Amino acid sequence: MDIFSEIRNIVIENLPEIASSDSLIIDPSRISVERPRDPTHGEIATNAAILAAKSANRKPRELAEFVAEKLLSDDRIAAADVAGPGFINLKLKEEAWLSVIPAILKSGAEFGRSTIGRNRRVCVEFVSANPTGPLHVGHARGAIFGDALSRLLEFVGFRVTREYYVNDGGAQVDSLARSVHLRYREANGFAVEFDANSYKGEYLGKLGRDLEAKYGEKFVDAPEHEWIGLFRGAAVGAMMELIRKDLESLGIEMDVYFSEKSLYGTGIIETTLNTLRERDLIYEGVLEQPKGKLIEDWEPRKQTLFRSTAHGDDVDRPICKSDGSWTYFAPDIAYHYDKIKRGFDELVNIFGSDHSGYTKRMKAAVAALSDGRVAFDIKLIQMVRVMEDGRAATMSKRAGEFVQLREAIEAVGCDVARFVMLTRKNDAPLDFDFAAVKEKSKDNPVFYVQYAHARICSVLRKAEQEGFDVSDTALASADLSTLRHPFESALVRRMAEWPRVVESAANSHEPHRIAYFLQNLASDLHGLWAQGNATASLRLLQRGEIATSTAKLALVRSAAIVFSCGLGILGVTPIQEMRS
RNA sequence: GGCCCCGUAGCUCAGCAGGAUAGAGCGACCGCCUCCUAAGCGGUAGGUCACAGGUUCGAAUCCUGUCGGGGCCGCCA
């Protein structure tokens, strides 16, 4: 049940009649039905008459009056006034708002679920960190964002595949293998001599010792080609195991780990490129030197290029290096072609913001290979600055002094980490402040929301002890007519917005909206609660006032359901009581 | 030189595919516990929405340009 879409439907139903002879042509999606900022403008305002006036060839205000009159006949609408350039400001009967409470109690965690996904299949690719070490806090943001978005999309009716693209085919994993070899030599009693490309992290030490235990000194002085493949495989396997555990500690489970290496030597890349070649999107050519960026040893070279400019990119992109081997772009194209062939209706990629220059060519490739049929969104995740003692900690993977995800999770807990990471829009930088995040106060949004939920659980426990039937079925049939106070009304109206918040968050791929909504909901709840301190009649539990108390319990219980549902989308466990 | 993101209150940020007088938290100031969890609540102060044009009945929101911050730009992924 979404009261806003119901009202919206009524409004639209009442539009065609007035314009039937004049061929009403407006885009229904432009009609807004929403709560105005200013409460003096009613409770729900719509611009429908303003938009319709043009095609109906009538004056907006006049048309608005006409529609308003008709809307009044609906038994949910208490008042319909025309204001400004032709807005229709509606006031609903209190019962119409209150009906959201039994609706929530009856549908439980399903309240707000929608079908806008229409069972379409969407592939959400996220993390995809190179398998060269454990995840750090920066990766965690993308991981949490991707998982929360996946949950959100599932909630609105998409069939979601969570996917991790493992970059196990490039030069980086060779460097990794060499670093492991150094550690292996170390385990054999040799001194390690790292170079600039080495991964120096301690986490490779154990792997070196394991390999020493298995192979002794067999590969200590052996030529690289004898051990590189073996070491690379062992290293990637071990690193992916680390990463899998890190994700697990965040409550994330991927459905598919797709290996880049699996694309090589199978003809898949060649097939993909042939598909593009048939569309005249592959050619041999020479790129110009990028202006404004000095490249020491630049010389024009003939390369195999992808005509990404045909699909909106700024320059065409190389898919072969000068020695003829693939660039990273070639397997990437093949990988996305594979996604398309697997039948996804939509693709979403979560990238670090340093990939911003990569999005256009990727979109060009998907558009070309799917003939524009597959929707493709790329969300760029901005930096996380880890703050400790008021200053930013540094993160450098190769130097091995990055802030490991594991440490952060152990310090603050998975729930806190998840919520905090989702309190910013994806394209805004985020400060992760260890001190603030551990604080148990209003400054900490997680606790603020959790506290609201716990308070409700607390009063429900107490009510049960005092003999109330607090089951959802019992509360759903409560007489709610005593809920008249502004704080109670505010909470009800907030909950009524939940379904549309879910939809807008899902449509825009912005899970942070859920987090913001929950903070507002918590604020409404705490406000109501505190009123009970000053005014006895606003206390939720009142001796002897069974009907009144039951109505209030129904109100807050439905709020608890919304909290629980919203936190569930964020992947955060709602807690029952704050006392530890 | 080009491309992408960002610029909203002292600070950190929301603002829902344009809507009416601009929102929250923190910080500042003033109040609220013999009473369900004060880990909370109420109130006051604080903004030419970077700037200049344009589209529109209507712009923080869309378009163009300027300034400022960040990221990226063949043989790393």
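Refer to the structure printed above.
Everything numeric in this text was worked out from a predicted model, so none of it was measured.

Undergrad: Tell me about the overall build of chain A, and please be specific about residues and values.
TA: Regarding its fold elements, chain A presents 20 helices and 15 strands. Seen through its C-alpha atoms, chain A measures out along the principal axes to roughly 85 × 65 × 40 Å. Here chain A holds 580 residues, and the buried ones make up 50% of them. A fraction of 73% describes how many contacts in chain A between residues 6 or more apart in sequence connect residues 24 or more apart. Of the roughly 26900 Å² that chain A leaves accessible, carbon and sulfur atoms contribute 48%. When the 74 basic and 82 acidic side-chain charges of chain A are each reduced to a single mean position, those positions are 2 Å apart.

Undergrad: If you had to explain the side chain of T550 to someone new, which residues and values would you point to?
TA: As for its position among the elements, T550 is in helix α20 (residues 546-570). Of the residues examined, T550 reaches a relative accessible area of 16% and is grouped as buried.

Undergrad: Could you give me a rundown of the sheet that holds strand β4 (residues 87-92), with the residues and numbers involved?
TA: Overall, antiparallel pairing links the 4 strands, which are arranged β1-β2-β4-β3 in an open sheet. Single-partner strands in this sheet number two, and they are β1 (33-34) and β3 (77-83).

Undergrad: How would you explain the protein's contact with RNA strand B if you had to name every residue and give the values?
TA: Residues in close proximity to RNA strand B total 73 residues, the closest being N89, K442, Y448, R455 and R539. Looking at RNA strand B alone, sugar and phosphate atoms form 55% of those within 4 Å of the protein. For RNA strand B, a base oxygen lies 3.2 Å from a polar atom in the backbone of M578. It is helix α19 (residues 512-534) that contributes the most residues to the surface near RNA strand B, 9 residues altogether. Residues belonging to the surface near RNA strand B are distributed by class as follows: 23 nonpolar, 23 polar and 27 charged.

Undergrad: Please provide a residue-by-residue account of the pattern of salt bridges, values included.
TA: Enumeration over the complete set of coordinates arrives at 38 salt bridges. Between R76 and D74 there is a salt bridge, and its shortest N-O distance comes to 3.1 Å. With a relative accessible area of 26%, R76 lands in the partly exposed category. With a closest N to O distance of 3.3 Å, E466 and R543 form a salt bridge.

How each quantity is defined
- Residues numbered from 1 in each chain as written.
- Chains lettered and ligands numbered in written order.
- Predicted model: local features only at pLDDT ≥ 70, side-chain atom pairs only at ≥ 80, totals over all residues.
- Heavy atoms only, no water.
- Helix = DSSP H or I, 4+ residues; strand = E, 2+ residues; numbered from the N terminus.
- Buried < 20%, exposed > 50% of the residue type's maximum accessible area, 1.4 Å probe, protein only.
- Contact = heavy atoms within 4.5 Å.
- Areas by Shrake-Rupley, 256 points an atom, 1.4 Å probe, with all protein chains shown as cover.
- Lys, Arg positive; Asp, Glu negative; His and termini not counted.
- Charge placed at Lys NZ, Arg CZ, Asp CG, Glu CD.
- Pairing = 2+ DSSP bridges.
- Near = heavy atom within 4 Å.
- Polar contact = N/O pair within 3.5 Å; in protein donor to acceptor, adjacent residues only side chain to side chain.
- Nonpolar A, V, L, I, M, F, W, Y, C, P; charged D, E, K, R; others polar.
- Salt bridge = Lys/Arg side-chain N within 4 Å of Asp/Glu carboxyl O.

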